[in-house]
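As a plain string of letters, each chain reads:
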Number of protein chains: 2
Amino acid sequence: MANINDISKLAGVSKSTVSRYLNNGSISKNTAKKIKKVVDELNYIPNTFAQSLKATNSNSIATIIPNFIGFSKNISLNSIDAFLKTKSYKLFISNSNDNMKEEIKLIYSIANQKVDGIILFASQVTDEHYRAINDVKIPFIVIGQELDGIHCIVHNDYKAGKLIGEYILNSGHKNISYFGVGDYDKSIKSRYLGLMSVLEKDKTIKVKYHTVGFDVYSAYNMLINTYKKNKSTYYVAATDNIAFGIIKGLKKLNLDIPKDVSVSGFGDYDMSMIFNPALTTISFPYSDIGTISAKMLLDMINGIDIPKKMVLDCELKIRNSTRRLCT
Amino acid sequence: MANINDISKLAGVSKSTVSRYLNNGSISKNTAKKIKKVVDELNYIPNTFAQSLKATNSNSIATIIPNFIGFSKNISLNSIDAFLKTKSYKLFISNSNDNMKEEIKLIYSIANQKVDGIILFASQVTDEHYRAINDVKIPFIVIGQELDGIHCIVHNDYKAGKLIGEYILNSGHKNISYFGVGDYDKSIKSRYLGLMSVLEKDKTIKVKYHTVGFDVYSAYNMLINTYKKNKSTYYVAATDNIAFGIIKGLKKLNLDIPKDVSVSGFGDYDMSMIFNPALTTISFPYSDIGTISAKMLLDMINGIDIPKKMVLDCELKIRNSTRRLCT
């Protein structure tokens, strides 16, 4: 790889002049032009990480993700990276593999590596997260879960639940099944709480809760095992993936969607519109949450005050997997 | 964050003893136990990146990905990370945003940052890639594209094409449409070449090539605009995503799949089995390619000879989106 010696020789200037150029020191326009030409030709890139260990700012930030699976996270990562590139910041990504102990370790070890800030895609948050984030004392933003006293950006899952609830209330369904993942994921639990805040108002509506996993097959099996007993006319899935599993199960039982049964999800993944039938669901601003979190983190790094908590909006997308019973 | 002073105080030993412990120096079992307890309680993690700048090995490797979109890459990243964790290696991920100039820059800048090796998920490879990889002189593996003289691991796209070709040959379809993405992605082009190597043998078979993008809607629109003219009974899509778009278009035209038209893809994404109808496609070992590339990279780092090129196997999955015309 090229080094300062090579540049000095090819540009016909001294090493200290090259060094001044690379560190934005005082230098004539003509000389700068000559050096720039050589630097570009050689694809020379200064060792910024080594520099960062001496300097205050590393111009790099890290994100911790729980796993490599999932549509929404990829969209958000893409917009974080795009925003950081416009500010000449680098993004490093580390994966906790859905292991909370590992995630806490990563927070400490990454903070120790002189990045300027961290964005955590949280699936669960524990007291240990709270302690670690306070310990490391670097700009820190949590995406997707709320944590008292820590900067966080979340989707409006409660409102999302309410929007589905209002749609059901207005379409005459009375026998509802909810396919959720239990209580440990607080943001997904909020969807259920929002839904119930609306449906509770109508005493003729019954909602049966089923606990499933995040994968399609868990929902598929639960549907096959419980449909005959419940015969719900509307299935609320806590995620689009769960909705795909329910629909697959209903088709296996030769039921027509939405004629016999309505199904809606939460998420609006790229497949949700392409799926047959196209899925009624809630659309969250995955790209915005990435851009905003990156912008807020850089604000924090630059000492600008930002709000402790931001809640983004969401939208109901009515497609072909649901219908009104009444007109 | 905790430092060596804190550990020294809490464990009641001198700083130099703590330092000896952290650097695996000579120390009594009892003292080691005391220090370990404190280190664990404090979640203390030594600054390995700073250490790595002095040491030969950083125990970290980097991957460069073209974007954050895509099922197959996520599966492979997951298995790379899982393998590296078992060897106490860290993984850093950087994104080139499908910008080849950016990708070349990343190769130089990451190599400069004292990682022990690089895995590149390649979508295109150019002469500049070849030059950069030779320039940086660190262990380097390319996934997904072949590059003469550079270590690479690829899927067997040619065989994948042949498998679809043999299936078509045996099921009596004569009027075939191929939805491809053009020539620039060599591995996807190999699928077409493999397909044609089989279908050319039967002079009664006609294949019409259509160039589309990687997104679902490009294929959807192409299908809507060309179906009436071609009336093919079998559509070969170069990826599962393209197949989803074709199926969406055929349904829009009120055609039954597979009764009226057969459609197959390449990829076997997680949605392909869940889709209605479940997609006939080629399954590639995405998880294996990740594990093998990580293992080979660590072998290279440790000076062990590895083959220049590995080609992994693939498998035809016949599902409900295709049928035989003859019995």
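Treat the numbers as computed from the prediction; the structure is a model and nothing was measured.

Visitor: Can you lay out the overall build of chain A for me, pointing to particular residues and giving the numbers?
Guide: Within chain A one finds 13 helices and 12 strands. For the C-alpha atoms alone, the extent of chain A along its principal axes is close to 85 × 40 × 30 Å. For chain A, the proportion of its 327 residues judged to be buried stands at 55%. Sequence-distant contacts, at least 24 apart, represent 72% of the contacts inside chain A between residues at least 6 apart. As displayed, chain A has an accessible area near 14,600 Å², and 50% of this comes from carbon and sulfur atoms. Between the centroid of the 42 positive side chains of chain A and the centroid of its 30 negative side chains there is a distance of 3 Å.

Visitor: Before we move on, could you go through the packing of helix 5 (residues 71-86) of chain B against helix 13 (residues 286-301) of chain B and cite the residues and values that matter?
Guide: All names here are of chain B. Put simply, helix 5 and helix 13 touch, their axes get as near as 7 Å, and they point 40° apart. When the interaxial angle is binned, helix 5 and helix 13 end up oblique. The handedness of the crossing between helix 5 and helix 13 is right-handed. Here Phe71, Ser72, Ile75, Ser76, Ser79, Ile80, Phe83 and Leu84 of helix 5 come into contact with helix 13, specifically with Tyr286, Ser287, Ile289, Gly290, Thr291, Ser293, Ala294, Lys295 and Leu298. In the contact of helix 5 with helix 13, the residues fall into nine nonpolar, seven polar and one charged.

Visitor: An account of the interface of chain A and chain B is needed here, citing residue identities and associated values.
Guide: With 47 residues of chain A at the interface, the matching set in chain B holds 47 residues. Around 4,800 Å² of area is buried between chain A and chain B when both sides are counted, 58% of it from carbon and sulfur atoms. Applying the counting criterion to the chain A and chain B interface returns zero salt bridges. Connecting chain A to chain B are 12 residue pairs in polar contact (both at pLDDT 80 or more). The set of elements that each furnish at least two residues to the side of chain A that touches chain B consists of helix 4 (48-54), helix 5 (71-86), strand 2 (90-95), helix 6 (100-111), helix 7 (127-136), helix 10 (216-230), helix 11 (240-252) and helix 12 (270-274) of chain A. By residue class, the composition of the side of chain A that touches chain B is 26 nonpolar, 12 polar and nine charged.

Visitor: Outline empty space enclosed by the protein, supporting the account with residue identities and numerical values.
Guide: Per the counting criterion, the structure on display carries four cavities of 30 Å³ or more. If you trace the largest cavity, you find 14 residues lining it, with Phe68(A), Asn74(A), Phe68(B), Asn74(B) and Leu77(B) closest to the centre. When contributions to the lining of the largest cavity are tallied by element, the ones reaching two or more residues are helix 5 of chain A together with helix 5 of chain B. Of the residues in the lining of the largest cavity, the class split is eight nonpolar, four polar and two charged.

Visitor: Explain the domain arrangement of chain A to me, and be specific about the residues and the numbers.
Guide: All names here are of chain A. When its domains are assigned, chain A resolves into domain 1 (4-47), domain 2 (57-155 + 286-311) and domain 3 (157-284). Averaged C-alpha coordinates put domain 2 and domain 3 at centres separated by 30 Å. Contacts between the two partners involve seven residues from domain 2 and, on the opposite side, 10 residues from domain 3. Each partner contributes to the roughly 810 Å² buried at the junction of domain 2 and domain 3, and carbon and sulfur atoms together form 50% of this total. When residues of domain 2 are sorted by the area they lose upon contact with domain 3, Phe71, His155 and Tyr286 head the list and together hold 60% of the total. Where domain 2 meets domain 3, there are zero salt bridges. Applying the counting rule to domain 2 against domain 3 returns five residue pairs in polar contact (both at pLDDT 80 or more). Here the residues of the side of domain 2 that touches domain 3 are counted per class, giving two nonpolar, five polar and no charged.

Visitor: Break down the packing of aromatic side chains for me, citing the residues and quoting the values.
Guide: Two measures describe an aromatic ring pair: the distance that separates the ring centres and the angle between the ring planes. Counted according to the given criterion, the structure contains 22 aromatic pairs over all chains. Put simply, the rings of Phe71(A), Tyr269(A), Phe284(A) and Tyr286(A) touch in pairs and so form one group of aromatic residues.

Visitor: Quick one: what's the story with the relation of the copies chain A and chain B, residue by residue and with numbers?
Guide: It takes a turn of 180° to lay chain A on chain B, together with a shift of 0.1 Å along the axis; the resulting RMSD is 0.1 Å. The symmetry that links the two subunits is that of a two-fold axis. Most of the interface of chain A is mirrored in chain B: 100% of its interface residues are interface residues there too.

Visitor: Got a sec to walk through the side chain of Ser321(B)? Specific residues and values, please.
Guide: Topologically, Ser321(B) is positioned in the segment after strand 12 (315-317). Non-local contacts of Ser321(B), meaning those with residues more than four positions away in its chain, are made with Ile257(B), Pro258(B), Val261(B), Ser262(B), Val263(B), Pro277(B), Ala278(B), Leu279(B) and Thr280(B).

Visitor: Please set out the sheet that holds strand 7 (residues 206-211) of chain B residue by residue, giving values where relevant.
Guide: All names here are of chain B. Across the sheet, four strands lie side by side as 7-6-8-9; this open sheet has parallel pairing. Every other strand in the sheet has two partners, leaving strand 7 and strand 9 (262-264) as the edge strands with one partner each. Taking each pair of neighbouring strands and ignoring which way they run, the sheet shows an average axis angle of 20°. Inspection of the sheet shows strand 8 (residues 234-237) paired to strand 9 by three bridges, in the parallel sense. Across the sheet, residue tyrosine 235 finds its bridge partner in strand 9, namely valine 263. Running over the sheet, helix 11 (residues 240-252) touches strand 6 (175-180), strand 8 and strand 9 and is turned about 160° from strand 9.

Visitor: Report on the confidence of the model for chain A, specifying residues and quantitative values.
Guide: Scored by pLDDT, chain A has a mean of 90; 94% of the residues are at 70 or more. The low-confidence segment residues 48-55 of chain A (pLDDT under 50) makes 14 contacts with residues lying over four places distant or belonging to another chain.

Visitor: Outline the environment of Thr233(B), listing residues and values.
Guide: All names here are of chain B. Within the element layout of this structure, threonine 233 appears in the loop between helix 10 (216-230) and strand 8. Since its relative accessible area comes to 22%, threonine 233 is described here as partly exposed. Sequence spacing of threonine 233 and arginine 324 is 91 residues, and the spatial spacing of their C-alpha atoms is 10 Å. Once you skip the residues sitting within four places of it in the chain, threonine 233 turns out to touch His173, Lys174, Asn175, Asp260, Val261, Ser262 and Leu325. A polar atom in the side chain of threonine 233 sits 2.7 Å from the side chain of histidine 173.

The rules behind these values
Residues numbered from 1 in each chain as written. Chains lettered and ligands numbered in written order. Predicted model: local features only at pLDDT ≥ 70, side-chain atom pairs only at ≥ 80, totals over all residues. Heavy atoms only, no water. Helix = DSSP H or I, 4+ residues; strand = E, 2+ residues; numbered from the N terminus. Buried < 20%, exposed > 50% of the residue type's maximum accessible area, 1.4 Å probe, protein only. Contact = heavy atoms within 4.5 Å. Areas by Shrake-Rupley, 256 points an atom, 1.4 Å probe, with all protein chains shown as cover. Lys, Arg positive; Asp, Glu negative; His and termini not counted. Charge placed at Lys NZ, Arg CZ, Asp CG, Glu CD. Axes fitted to C-alpha atoms, helices over the stretch in contact; angles between N-to-C directions. Parallel < 35°, antiparallel > 145°, perpendicular 65-115°, else oblique. Left-handed = near helix turned anticlockwise from the far one by under 90°. Nonpolar A, V, L, I, M, F, W, Y, C, P; charged D, E, K, R; others polar. Buried area = accessible area lost by both parts, 1.4 Å probe. Salt bridge = Lys/Arg side-chain N within 4 Å of Asp/Glu carboxyl O. Polar contact = N/O pair within 3.5 Å; in protein donor to acceptor, adjacent residues only side chain to side chain. 1 Å grid on protein atoms, 1.4 Å probe; cavity = no way out; pocket = protein on both sides within 12 Å on 5 of 7 lines; lining within 4 Å. Points joined across faces, edges and corners; volume = space filled by probe spheres on them. Domains from an automatic or database assignment. Phe/Tyr/Trp six-rings, centres within 6.5 Å; stacked < 30°, edge-to-face > 60°. Least-squares fit on C-alpha atoms with pLDDT ≥ 70 in both. Pairing = 2+ DSSP bridges. pLDDT = per-residue confidence, 0-100.

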